[in-house]
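# Architecture at a glance
The chain contents come next:
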Amino acid sequence: MENRISQRIIGHRLPEYMLEVLTGGYAKAFLPVGIIRKEDSYTFNYDLNGYRRCKADRLPTKEKFRLLEILYDMNEDNENHLIPGERYLLEPELIYWNRHRIQMNTVRILFYPDIKGEPFLKKWLIFIEKILNAGVPEEQELLNQIRSLLQKQNDAYQIRKLIEKNRVALEL
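Residues numbered from 1 in each chain as written. Predicted model: local features only at pLDDT ≥ 70, side-chain atom pairs only at ≥ 80, totals over all residues. Heavy atoms only, no water.

Attention now goes to the packing of helix H3 (residues 120-131) against helix H5 (residues 156-171). At their nearest, the axes of H3 and H5 sit 11 Å apart, and the two run at 25° to each other. Compared by their axis directions, H3 and H5 come out roughly parallel. As for how H3 packs across H5, the hand of that crossing is left-handed. Where H3 approaches H5, its residues Leu121, Trp124, Leu125 and Ile128 are matched on the opposing element by Ala156, Ile159, Arg160 and Ile163. Taken together, the residues that form the contact of H3 with H5 break down as 7 nonpolar, no polar and 1 charged. (Axes fitted to C-alpha atoms, helices over the stretch in contact; angles between N-to-C directions. Helix = DSSP H or I, 4+ residues; strand = E, 2+ residues; numbered from the N terminus. Parallel < 35°, antiparallel > 145°, perpendicular 65-115°, else oblique. Left-handed = near helix turned anticlockwise from the far one by under 90°. Contact = heavy atoms within 4.5 Å. Nonpolar A, V, L, I, M, F, W, Y, C, P; charged D, E, K, R; others polar.)

Structure, rendered in structure tokens:
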């Protein structure tokens, strides 16, 4: 099994404080990373340390819903560490997990800069669309509820509450 992943990015600058937060391990939402800067490029060396790529679209419905809640919560924590959602990509292939569990302490994001700076809500909604299966009634129902809510308000917290409500209903 692979223990390290390396990615290189050229022509994009990251603030020094962000490099310190990422390499110092302060933002727990991200995989541990070492960053080497050389002129106009960065090399990101990620330490997997038991984490494996999570195939989020294959998770049971309840676990998908929990993952979506966790990603929202992680973004809130990242904001507290001055790494707003606009600064990193949020894609299913960048989600890693440990011990095949969807919990706050077992899920990590592979940090990769978002050069476009898309808002977190937009990325999160695209992520939701990518992992939920319209052929599963509970997942289709959540998609419909999210779309309906978005017609009234553009509030990520309200969407998170809606996801939680649907997850809890599955547990009853």
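Mean pLDDT for the protein chain: 95, with 99% of residues reaching 70 or above. Ranking the elements of the protein chain by mean pLDDT puts strand E1 (residues 4-10) last with 93 and strand E6 (residues 107-109) first with 98. (pLDDT = per-residue confidence, 0-100.)

Moving on, we get to the sheet that holds strand E4 (residues 52-53). One key point about sheets: their strands pair by backbone hydrogen bonds, in either a parallel or an antiparallel sense. Here we have 3 strands laid out as an open sheet, ordered E4-E5-E6, and antiparallel in their pairing. Each having just a single partner strand, E4 and E6 make up the two edges of the open sheet. Sheet topology places E4 next to strand E5 (residues 95-97); 2 bridges connect them, and they run antiparallel. Bridged to Arg53 within E5 is Tyr96. In the packing of helix H2 (residues 61-80) onto the sheet, contacts are made with E5 and E6, and the angle to E6 comes to roughly 55°. (Pairing = 2+ DSSP bridges.)

A complete count under the given rule lists 12 salt bridges for this structure. Residues Glu69 and Arg66 are paired through a salt bridge, measuring 3.4 Å at the closest nitrogen-oxygen approach. A residue pair is termed a helical-turn pair when its members lie 3 or 4 positions apart in one helix, as Glu69 and Arg66 do in helix H2 at 3 residues. With a relative accessible area of 0%, Glu69 lands in the buried category. Salt bridges here are not isolated pairs; linked through shared partners, they connect Arg66, Glu69, Asp73, Arg160, Glu164, Arg167 and Glu171. (Salt bridge = Lys/Arg side-chain N within 4 Å of Asp/Glu carboxyl O. Buried < 20%, exposed > 50% of the residue type's maximum accessible area, 1.4 Å probe, protein only.)

Here the focus is unusual backbone geometry. Most peptide bonds take the trans form, and the phi angle of most residues other than glycine is negative. The backbone of Leu82 shows a phi angle near 65°, a positive value even though the residue is not glycine. If you trace the backbone, Leu82 turns up in the loop between H2 and E5. A positive phi angle is found at His100, which is not glycine, with a value near 50°. By the secondary structure assignment, His100 is in the loop between E5 and E6.

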